[in-house]
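Observations on the model geometry
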Amino acid sequence: MDVQRIAAFSQGSQGGNPAGVVLLEEEPNAADMARVAAEVGYSETAFAVAQDDTGKNWRVRYFSPESEVPFCGHATIALGAALGLHSGAGQYVLTLNNASITVDAAQSATGMVATLSSPPTRSQMISEAELQDALALFNLSADDLDPQLAPARIHGGADHLVLPLKARSKLAAMAYDLDAGRAMMRKHDLVTVMLLVIETNQTFVARNAFASGGVLEDPATGAAAAAFAGYLRDQDWAHGGKFTIRQGEDMGSPSLITVTLDNNKGAPVQVSGSTRPIT
């Protein structure tokens, strides 16, 4: 398989979250996709199979080094860039395991920019068991949580937990045991745990633990960003129709995620980012 390596949500020639992208004419079996994803070693690799001769309709599956995931935002942004280079700017329809979404590709002065429209969003209050397990995993206490936003279970194509923290220093100090994190996330059927700090109503700084996929941390997580947008909307947060998430700063891989949304609760949201090829 020909694997393209593209960083999504990059800032110029730096940062972003690396993803593998494979464009195919026929779908390989799951074992082969899992093997290739493990060999690539990025947090996700997207496998896209053309569904017709137009080049605009694709069947997509996402694999981490350890498991298949239902939806991955940064790999979709990377895929959008690859499709734009392959077939030109415009909108592409992606059929996932559990949803159908779109991604738009456009050329900018610095490279390809992609915008995905997420699956429908939803959120619910975190259970006590989820909260206690998450706090214990990251050696946090209830006093570390920001009362402006309650911890929650959020969804925008995949399930995540979000823990808003008071102090930027606590976010910078995020650490946990990978095996313990894997066990906790699989116990609660989570893809990531998102820790963040509120800078303004439209600016957030985040870190995402991805032990469920065998990766300690992602430098940019589009699926969690989409899910978080739905949560803000459910909470009637004054998002102004658009907000940004900075991620990867504490990893030395600065990434920028832009989210656009309306006030229609549960509706898809738009997640945008720049990309850069990895050579």
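Up top is the structure these notes are about.
For the structure given in this document, a descriptive report is provided here. (Residues numbered from 1 in each chain as written. Predicted model: local features only at pLDDT ≥ 70, side-chain atom pairs only at ≥ 80, totals over all residues. Heavy atoms only, no water.)

Time to look at the overall build of the chain. Looking only at helices and strands, one finds six helices and 17 strands in the chain. For the chain, the C-alpha radius of gyration of 17 Å lies close to 19 Å, the compact-globule estimate for 279 residues. For the chain, the spread of C-alpha atoms along the principal axes amounts to about 55 × 40 × 35 Å. Here the chain, with 279 residues, has 56% of them falling under the buried criterion. For the chain, contacts bridging at least 24 residues in sequence account for 65% of all contacts bridging at least 6. Summed over all atoms, the accessible surface of the chain reaches about 10900 Å², with 48% contributed by carbon and sulfur. Taken together, the 19 basic and 30 acidic charged side chains of the chain have centroids lying 3 Å from each other. (Helix = DSSP H or I, 4+ residues; strand = E, 2+ residues; numbered from the N terminus. Rg over C-alpha atoms; globule rule 2.2 N^0.38 Å. Buried < 20%, exposed > 50% of the residue type's maximum accessible area, 1.4 Å probe, protein only. Contact = heavy atoms within 4.5 Å. Areas by Shrake-Rupley, 256 points an atom, 1.4 Å probe, with all protein chains shown as cover. Lys, Arg positive; Asp, Glu negative; His and termini not counted. Charge placed at Lys NZ, Arg CZ, Asp CG, Glu CD.)

A word on the layout of surface pockets. What the largest pocket holds in volume is close to 330 Å³. Lining the largest pocket are 20 residues, with Pro70, Gly157, Ala158, Asp159 and Val191 positioned closest to its centre. Broken down by secondary-structure element, the contributors of at least two residues to the lining of the largest pocket are β5 (68-69) and α5 (178-187). For the lining of the largest pocket, the residue count by class is eleven nonpolar, five polar and four charged. (1 Å grid on protein atoms, 1.4 Å probe; cavity = no way out; pocket = protein on both sides within 12 Å on 5 of 7 lines; lining within 4 Å. Points joined across faces, edges and corners; volume = space filled by probe spheres on them. Nonpolar A, V, L, I, M, F, W, Y, C, P; charged D, E, K, R; others polar.)

Right, let's get into the packing of aromatic side chains. Considering all chains together, one arrives at seven aromatic pairs under this definition. Measuring from ring centre to ring centre gives 6.2 Å for Tyr62 and Phe71, while their planes differ by 85°; the resulting arrangement is edge-to-face. The same class applies to Tyr62 as to Phe71, namely buried. Following the ring pairs from residue to residue traces out a cluster consisting of Phe204, Phe228, Trp237 and Phe243. Its guanidinium or amino end placed over the ring of Tyr92, Lys56 lies 4.3 Å from that ring's centre, counting from NZ or CZ. (Phe/Tyr/Trp six-rings, centres within 6.5 Å; stacked < 30°, edge-to-face > 60°. Lys NZ or Arg CZ within 6 Å of the ring centre and 35° of its normal.)

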